[in-house]
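Listed below, chain by chain, are the residues.
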Amino acid sequence: MTWEFSTDPVFQKKLDWMREFVRNQVWPLETLQLTWPQLRHVIAPLQQEVKARELWAAHLDPELGGQGYGQVKLGLMHEILGSSPLGPLVFGCQAPDSGNAEILAAVGTEEQKLRWLEPLLAGAMYSSFALTEPDNAGADPTNLTTTAVRDGAGWVLNGHKWFISNASTSDFMIVVAVTDPSAPRHRRTSQFVVPIGAPGLDVVRDIASMENPRPIENTYGSHCEVLLTDVRLGPEALLGNIGDGFLISQKRLGPGRIHHSMRWIGQARRAFDMLCERATYRYAHGSVLADKQTVRNWIADSAAEIQALELMTLQAAWKIDEYGSAAARKEIALIKYYGAKTLHDVIDRAIQVHGSLGYSSDLPLESMYRAARAARLYDGPDEVHRESVARLCLREYEAPADNRPSEHVPTRRQQAKARYADVLAEFAGQS
Ligand SMILES: Cc1cc2nc3c(=O)[nH]c(=O)nc-3n(C[C@H](O)[C@H](O)[C@H](O)COP(=O)(O)OP(=O)(O)OC[C@H]3O[C@@H](n4cnc5c(N)ncnc54)[C@H](O)[C@@H]3O)c2cc1C
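Residues numbered from 1 in each chain as written. Predicted model: local features only at pLDDT ≥ 70, side-chain atom pairs only at ≥ 80, totals over all residues.

Peer 1: So, the overall build of the chain: which residues are in play, and what are the values?
Peer 2: Looking only at helices and strands, one finds 13 helices and 10 strands in the chain. Taking the principal axes of its C-alpha atoms as reference, the chain extends roughly 95 × 65 × 45 Å. (Helix = DSSP H or I, 4+ residues; strand = E, 2+ residues; numbered from the N terminus.)

Take a look at the structure:
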């Protein structure tokens, strides 16, 4: 039996190097408000260094220019990268590009791989993924109304999307659209590659949000509103089979949620470090904060929650590696909402212990807090994942035939008495 919690020493060395590199080279960039062209220029030499160390695009198999590490190793990497919103970008595994690369690798034709996947992996192109619509519940993607209608050999797309991350800085977008409204719910949609600049594709605006209340045009990390008006595409735009839109999205989301969760752990650990550091020297009411029981409880609870999340996430990653995403559905759904809550709670405590400083923009905590709120929504809201977990748990149970709990003590006592009647009779009257 194997029950292993250690990291092999060769890979640990890579992780140690990454931790130093991200802290020394990437964290400083967060403090500058760089435009997308400036950011690309500044990170180019860092990306070269990552490539030289064979840590670039680690989510893909070696034949596609990746490292083929599998989800457990990837998870450990994402914990380090997630400490900064720019970490994944420097290592070529940022969302949504990593998921889009996985789609292209899995269902793309040779021509699609050459045109879109290769430049995406080289960091020469960036992409976005357009599923959510303002007028339909994104939590239930079987309700989409964006359409893709046959036009000779090609397609015409019409629809309205929103919250499309990085659409305004991307070179192409993968759009999910209804190709057969009369098909069963999960077979109605297909996916298409749409180049930015295609006639009829309008990236209307970077939406102001909690994460970015005053968006500056042409900066990385936008969430955009997008209109598709008679966007004409050739047959080569279709990804995979007609009707596979939902299926492809599901494949993409499993490993993506492991990476989200590990990135949240990276953020939570950064907040935890700030929480503990502050507690050691801030003096109030006769002692440093580290001596107050409430603060000690926050530290202990945060340590426990982060560790629980890490173990849960790595176990889900291991299950994907061993048995595939479908087998790990419950574990993946669990970490999505448990992780979002852990991230929020640890940052919240770190803000509280810093008082007004924590609330100010002189520390990264307030922006981390605003970004953390979104974790309860994107890739499916908490409620949907809780619902999935409950459904999968309940599958293992059925109502007792007599409508009596199977643990009902009087019933069990009666059964036990019948089973042990001989012994009970033999010892009757003895104390
Ligand atoms: C920062 C950020 C980035 C994003 N990036 C992208 C992107 O790149 N591409 C993209 O396509 N989308 C993206 N999204 C959209 C995201 O995927 C959706 O917001 C999410 O799926 C929820 O859809 P909705 O916003 O339409 O909310 P709705 O579906 O309207 O849900 C609203 C609320 O209804 C409740 N609810 C829904 N279903 C149930 C249920 N079954 N049981 C109980 N309660 C329920 C929940 O409380 C939920 O929060 C992003 C969102 C955010 C916040």
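Peer 1: Quick one: what's the story with the domain arrangement of the chain, residue by residue and with numbers?
Peer 2: Assigned domains within the chain: domain 1 (9–122), domain 2 (127–239), domain 3 (252–394) and domain 4 (400–431). For domain 3 and domain 4, the distance between their C-alpha centroids amounts to 47 Å. (Domains from an automatic or database assignment.)

Peer 1: Explain helix H8 (residues 293–323) to me, using residue names and the numbers behind them.
Peer 2: Counted at 1.5 Å a residue, the expected span for H8 with its 31 residues is 45 Å, and the 44 Å between its end C-alpha atoms agrees. Of the positions making up H8, those classed as buried are Val 295, Trp 298, Ser 302, Ile 306, Leu 309, Glu 310, Thr 313, Leu 314, Ala 316, Ala 317, Lys 319 and Ile 320. In the stretch just after H8, Gly 324 is the one whose phi turns positive, near 95°. (Expected span 1.5 Å × (residues − 1). Buried ≥ 20, exposed ≤ 12 C-beta atoms within 10 Å, placed from the backbone.)

Peer 1: Before we move on, can you summarise the environment of Glu 111 with the specific residues and values?
Peer 2: Mapped onto the elements, Glu 111 comes out in helix H6 (residues 110–122). By C-beta crowding, Glu 111 is classed as exposed, having 9 other C-beta atoms within 10 Å. In sequence terms Glu 111 and Glu 236 are 125 residues apart; their C-alpha atoms lie 8.2 Å from each other.

Peer 1: Can you lay out the site of the ligand for me, pointing to particular residues and giving the numbers?
Peer 2: Lining the immediate environment of the ligand, one finds 21 residues, of which Leu 131, Ala 137, Gly 138, Ala 139 and Pro 381 sit closest. When contributions to the shell around the ligand are tallied by element, the ones reaching two or more residues are strand E1 (127–130), strand E3 (154–165) and helix H11 (382–394). No fewer than three residues from each of domain 2 (127–239) and domain 3 (252–394) sit in the shell around the ligand. (Near = placed C-beta within 6 Å.)

Peer 1: Explain the pairing of strand E7 (residues 223–233) to me, using residue names and the numbers behind them.
Peer 2: With 8 bridges joining them, E3 and E7 adopt antiparallel strand pairing. Bridge pairing in E7 links Ile 164 to Cys 224. In this structure, strand E6 (residues 201–206) lies alongside E7, joined through 5 bridges in antiparallel fashion. Residue pairing in the sheet places Leu 201 in a bridge with Leu 228 of E7. (Pairing = 2+ DSSP bridges.)

Peer 1: Can you lay out helix H9 (residues 329–359) for me, pointing to particular residues and giving the numbers?
Peer 2: At 3.6 residues per turn, the α-helix brings residues three or four places apart onto the same side. Look at H9: only 37 Å from first C-alpha to last across 31 residues, short of the 45 Å you get at 1.5 Å a residue. Within H9, the axis deviates most sharply at Val 353, by approximately 95°. (Bend = angle between axes of the 7 residues up to and from the residue.)

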